[in-house]
Amino acid sequence: MKTRFLYLILVVINAIIITAITGCAQNPSQQTASFLKFKKMVYTDREGTGIEAFSFLMPSDWQFEGGIWWLLDQPAMPANSSIRVFNPASAEEFEILPNSCFFWTTNLQLLGKFPPGSKYFGSTVKKPVSANKALTDLVVPWVRGSMPELKVISGDEFPELVEVLGIGKNNSEAFSNKAEAAKIKISYQKNGIPIDEEIWGVVEQFSFPVKGMFAVTWNTLWYVHFLISFKAEKGKLEEHTKTFQTITSSFKVNPKWQAKYEHMMEYLAQQQIQQIRSVGELSRMLSQMSDQMRNEKLEQFEQRSNVYDKVAQMHSDNILGIDRYFDPYEGREVELPSGYNHVWCNNLGEYVLTDNPNYNPNVGDNLTWQPLEKK
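A brief report on the enclosed structure follows. (Residues numbered from 1 in each chain as written. Predicted model: local features only at pLDDT ≥ 70, side-chain atom pairs only at ≥ 80, totals over all residues. Heavy atoms only, no water.)

1. Thoughts on the nonpolar core
Right, on to step 1. Judged by nonpolar contacts, the single largest core of 35 residues is most densely connected at F54, F64 and I68.
Right, on to step 2. Ranked by the residues each element gives to this core, the list is headed by helix α6 (residues 255-271), at five residues.
Right, on to step 3. By size, the runner-up hydrophobic cluster in this structure holds 33 residues, among which are L97, C101, L110 and V203. (Core = buried A, V, L, I, M, F, W, Y, C linked by side-chain atoms within 4.5 Å. Buried < 20%, exposed > 50% of the residue type's maximum accessible area, 1.4 Å probe, protein only. Helix = DSSP H or I, 4+ residues; strand = E, 2+ residues; numbered from the N terminus.)

Here it is as structure tokens:
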């Protein structure tokens, strides 16, 4: 419950689409070389912690928009994200959509004071709905409602996503926890181009018994989160899955950022009210919080860091080809698309994949590229 923002990023951060880049003017032997080129993207949480939050690989000619913002009036979810990575020359795009936090209660007296549609400690008062209904009735109208010729093509339960995330099982005497996932496919027109889009999402609930004078009522915090969107021109969505898997596997969360986020949530939970009045005050408080995670939190962090690779494979019915290499600059293993006989990297975290034995990125470049060997 306390790390859902991290989990969202871990699962799918910047799984993007890339097409082959051709041509290189410096050397005639390289002019017909087809290759993929990735660069390292580092995102700094300037509004809150002031430190690096995460990094990942993205195609060198793609663009990144969005990031993290902090919510000063929502203790149950003090940070949120909206991330868009897209091909400016085409329709391919990957997106992480913002989470939503809701509150519901069986206490009729409390509902009288906070009716549906109002805010209760920063969360919208609304009765829980299924994951499929949340995607169809809440998410799609919100994020795609203005698109012409919008149609919901299909909607299915997605229990595999819940299983991979390992959520919905954290029950105790103090509260109950359940979760369900769904995926829907929609189509619409964007700038005159027919688009296919698949959206994944989870509805997760935490219900707490409250003992009253005459009866026990239940308060429920529920979230529409892990909202992932893959889109491409109609009929071309599946062909980009290999790069989705590659880019997702490259994602790394900064554990120092995660520690500060954990501590902020614990502080807000203890206070039960939001006492921060400005972003500046928030930044000062976060900067003073520890960079270290307790052992049990560190174990959870490391366990969750393995989730995104599994989810990337779930985007297709077949496990697609990935080769593993050791990057001497990063000092770690990287996963890159298979089918290329030659892979190069430099100290900026960039990679070039090519099937042309005559291609050498050092020609006409002031960077130092090293060839990588498959593991």
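2. Describing the packing of aromatic side chains
Right, on to step 1. If you walk through the whole model with that rule in mind, you get 15 aromatic pairs.
Right, on to step 2. Ring geometry for Y43 versus F64: centroids 6.2 Å apart, planes at 55°, classification tilted. In this pair, Y43 sits in strand β2 (residues 34-44) while F64 sits in strand β4 (residues 63-70), placing the two residues 21 residues apart along the sequence.
Right, on to step 3. Given the relative accessible area of 13%, Y43 is considered buried.
Right, on to step 4. Relative accessible area serves as the criterion here: at 19%, F64 is assigned to the buried category.
Right, on to step 5. Among the aromatic residues, ring-to-ring pairing joins Y43, F54, F56 and F64 into one connected group.
Right, on to step 6. Here R84 stacks its cationic end above the ring of F86, 3.7 Å away from the centre of that ring.
Right, on to step 7. Lying across the ring of F158, K183 places its NZ or CZ 4.6 Å from the centre. (Phe/Tyr/Trp six-rings, centres within 6.5 Å; stacked < 30°, edge-to-face > 60°. Lys NZ or Arg CZ within 6 Å of the ring centre and 35° of its normal.)

3. What about the environment of S187?
Right, on to step 1. Inspection of the secondary structure assignment puts S187 in strand β11 (residues 176-190).
Right, on to step 2. Judged by relative accessible area, S187 falls into the buried class, the value being 10%.
Right, on to step 3. Once the C-alpha coordinates of S187 and K151 are considered, the two residues, 36 residues apart in sequence, prove to be 5.4 Å apart.
Right, on to step 4. Each residue touching S187, except ones within four places of it in the same chain, is listed here: E149, L150, K151, I153, I195 and D196. (Contact = heavy atoms within 4.5 Å.)

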